[in-house]
Amino acid sequence: MTVRRVIVVGAGVVGLSTAWFLQEHGVDVTVLDRTGVAADASWGNAGWLAPALTLPLPEPSVLRYGLRSALTPSSPVYVPPTTDLRLLRFLAGFARNCTPGRWRAALAVFVRANRVALDAYDDLIRGGLAEQTRTADPFLTAFLSEQDRQGLLDEFEQVRAAGGEVECELLDRDTVRSLEPLLGDAVRAGVRIRGQRFIDPPRFLAALADSVRERGGEIVAGFDAESVRPRADVAEVVAAGGDARSADTVVLATGARLGDLAGPFGVRTIVQAGRGYSFSVRPAELPKNPIYFPTQRVACTPLHDRLRIAGMMEFRSPDAPFDPRRVQAIVEATRPLLGGIDWSAREEEWVGSRPCTADGLPLVGATRSARVFVAGGHGMWGVALGPLTGRMLAQAVATGTPDPLLRHFDPLR
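Residues numbered from 1 in each chain as written. Predicted model: local features only at pLDDT ≥ 70, side-chain atom pairs only at ≥ 80, totals over all residues. Heavy atoms only, no water.

> Which residues make up the sheet that holds strand β11 (residues 225–230), and what are the values?
Pairing is antiparallel in the open sheet, where 3 strands are placed in the order β11-β12-β13. Every other strand in the sheet has two partners, leaving β11 and β13 (244–247) as the edge strands with one partner each. The average angle at which neighbouring strand axes cross in this sheet is 20 degrees, direction not considered. Across 5 bridges, β11 lies against strand β12 (residues 235–239) in antiparallel orientation. From the neighbouring strand, R229 faces β12, where its bridge partner is E236. (Pairing = 2+ DSSP bridges. Helix = DSSP H or I, 4+ residues; strand = E, 2+ residues; numbered from the N terminus. Axes fitted to C-alpha atoms, helices over the stretch in contact; angles between N-to-C directions.)

Structural data, given as structure tokens:
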């Protein structure tokens, strides 16, 4: 099948990257989104391009939190009491994948993806994107004790055992605080990780959308796709109001709502919203590089004129209202670790729905219909792996020859 026109449903980092790389193959693209560019998880996340930390979400340590911790609103991983059978099925599958053996198997796949993920960003930059990635050096992780630090070091050893590379050095209390004066008195140990990068997500996604448009693509906001109808010669995307668009092929990149459109085409894997929260503050002196508190699972990223603080994994409906208690939990966890911040002067309070799968692996590739492909389920790593996903999927759609890595992301598994 010759593919000349493709509709991408979803204008987040995965959808826009797929559109951009399809254009590299000479394909005409239209991007449809229910709200607009980067309207959900792509906007308010930490913006890290950090291969050392891009690891499968279902890990043994999550189980160690235990059910009691997961039901506590202040826990970094929170599950509200629910009778939602779909969510309960997802949680049961997630727990089954939090074993050391399954985590190592998924880790081996992530290691392969991480080796080439930054290359896909470099492709975008070489293609003329106005916004750049930023080198994170030092990329600091900080801890209340050396004992807390050991958990991250153990993960790094697992990454190396799987063939990955992690270049880091241990830092004592005085050294880590000299590298980042914003760190509070409670910090007692740190790790400096090399070879990582980061972006300002709103700026980068806006630049990516501009590039897609400049290269002849169309981006349509306010198109709430309700169904996809493959026909003999085209695939049609129909909106809730009856509007319809057609193309040779459709790519579904709708984040936590992926299952709504992909289900009829054999995609049975549950994509569950793992909601993350973030806000911005303006310390007297802005750090130049990211800071991570692994024990508290809080990420801090300088975004030109402000510091974004992000955390929480809340398994809940993507349509649930913003819960200010989640933000307060992040504040209380982070307050002892950062000084010189007026925590009451928060801006840009946000919640977004990360699309999570029970095994931690994305869903990228063909469905039962030759005209429908999917790209999603990246969990926390949509920004880190979005351009790579777009590059691989564009190759599969445009040439019919998928990258071998895609077999691990089979949407029909």
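> Describe in detail helix α1 (residues 13–24), supporting the description with residues and values.
In an α-helix, one turn spans 3.6 residues, which is why side chains three or four residues apart end up on the same side. Here α1 spans 17 Å end to end across 12 residues, near enough to the 16 Å set by a 1.5 Å rise per residue. Residues of α1 that are buried: V13, V14, G15, L16, S17, T18, A19, W20, F21, L22 and Q23. Looking one or two residues past α1, G26 carries a phi angle of roughly 80 degrees, positive in sign. (Expected span 1.5 Å × (residues − 1). Buried < 20%, exposed > 50% of the residue type's maximum accessible area, 1.4 Å probe, protein only.)

> Can you break down the packing of aromatic side chains residue by residue, with the values?
In this structure the tally under the stated criterion is 9 aromatic pairs. Relative to Y292, the ring of W48 lies with its centre 5.2 Å away and its plane at 80 degrees, an arrangement referred to as edge-to-face. Of the two residues, W48 is situated in strand β3 (residues 48–49) and Y292 in strand β16 (residues 291–293); the sequence distance between them amounts to 244 residues. According to the relative accessible area criterion, W48 is buried, its value standing at 8%. On the basis of an interplanar angle of 40 degrees and a centroid distance of 5.8 Å, the ring pair of F90 and F94 is categorised as tilted. With a gap of 4 residues between them, F90 and F94 both fall in helix α4 (residues 85–96), about one helical turn apart. Overall, F94 belongs to the buried group, its relative accessible area being 6%. Put simply, the rings of W48, F139 and Y292 pair up and form one aromatic cluster. The ring of W20 carries the charged tip of R215 above its face, separated from the ring centre by 4.0 Å. The side chain of R346 reaches across the aromatic face of F279, ending 5.9 Å from its centre. (Phe/Tyr/Trp six-rings, centres within 6.5 Å; stacked < 30°, edge-to-face > 60°. Lys NZ or Arg CZ within 6 Å of the ring centre and 35° of its normal.)

> Help me get a handle on the environment of M313, residues and values and all.
Position of M313 relative to the elements: it lies in strand β18 (residues 307–315). Residue M313 is classed as buried on the basis of its relative accessible area, which comes to 4%. Between the C-alpha atoms of M313 and Y78, which are 235 residues apart in sequence, the distance is 6.1 Å.

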